[in-house]
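# Coordinate inspection notes
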Amino acid sequence: IYSNLNDPFLICSLLEIVYKFRQKDININVEVLDKNPRLPLFPDFTREMGKYIMKFDKISGNKDIKIILGKTKVEVISKALGKKTAYKIYPFIS
């Protein structure tokens with residue numbers, strides 16, 4: 001995470017998400033595809049990740065999740081859950 005990102009808020013946000021998954025023994029991998037990736041609105045994204053954690057509570061065996069950060073979307077993939085979701089990131093209007 002540190003070598004590819006410059007935004008302290010994004011780094012802290014990702015570390016918080018990683019920590020929550022690791023607390024539940026869920027393997028998490030974060031892939032950064034863009035030089036300046038962004039997360040969707042953080043409270044909403046955190047809530048969605050909480051839903052993933054609750055789904056993992058219902059399964060046994062290998063638990064995995066992969067978060068792929070891009071400039072216009074974030075993809076969340078889990079082979080264990082058989083699920084792939086994309087979250088679109090809307091640009092800020094100034």
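Our structure is the block above this text.
These numbers were taken from a predicted model, which means no experiment stands behind them. (Residues numbered from 1 in each chain as written. Predicted model: local features only at pLDDT ≥ 70, side-chain atom pairs only at ≥ 80, totals over all residues. Heavy atoms only, no water.)

A few words now on the sheet that holds strand β1 (residues 27–32). On the basis of which strands lie adjacent, the open sheet formed by four strands has the order β1-β2-β3-β4 and mixed pairing. Here the strands that pair on one side only, and so sit at the sheet edges, are β1 and β4 (83–88). Sheet twist, expressed as the average angle between the axes of neighbouring strands with direction ignored, equals 15°. Note: strand β2 (residues 64–69) against strand β3 (residues 73–78), four bridges, orientation antiparallel. Among the inter-strand pairings, Lys 66 is bridged to a residue of β3, identified as Ile 77. Helix-sheet contacts for helix α1 (residues 8–23) involve β1 and β2, and the interaxial angle to β1 is about 155°. Strands β2, β3 and β4 of the sheet are contacted by helix α2 (residues 42–56), whose axis makes an angle of about 175° with β4. (Pairing = 2+ DSSP bridges. Helix = DSSP H or I, 4+ residues; strand = E, 2+ residues; numbered from the N terminus. Axes fitted to C-alpha atoms, helices over the stretch in contact; angles between N-to-C directions. Contact = heavy atoms within 4.5 Å.)

Once that is clear, we can look at α1. For α1, spanning 16 residues, the distance from its first C-alpha to its last is 22 Å, which sits close to the expected 22 Å at 1.5 Å a residue. When we look at burial in α1, the residues that qualify are Leu 10, Ile 11, Ser 13, Leu 14, Ile 17, Val 18 and Phe 21. Buried residues along α1 cover an arc of 165° about the axis, so they all sit on one side. In α1, the exposed positions that point more than 90 degrees away from the buried face belong to Pro 8, Phe 9, Cys 12, Tyr 19 and Gln 23. Check the buried side of α1 and you find it contacts β1, α2 and β2. (Expected span 1.5 Å × (residues − 1). Buried < 20%, exposed > 50% of the residue type's maximum accessible area, 1.4 Å probe, protein only. Arc of directions from axis to C-beta.)

These values are about where atoms sit, not about what they do.
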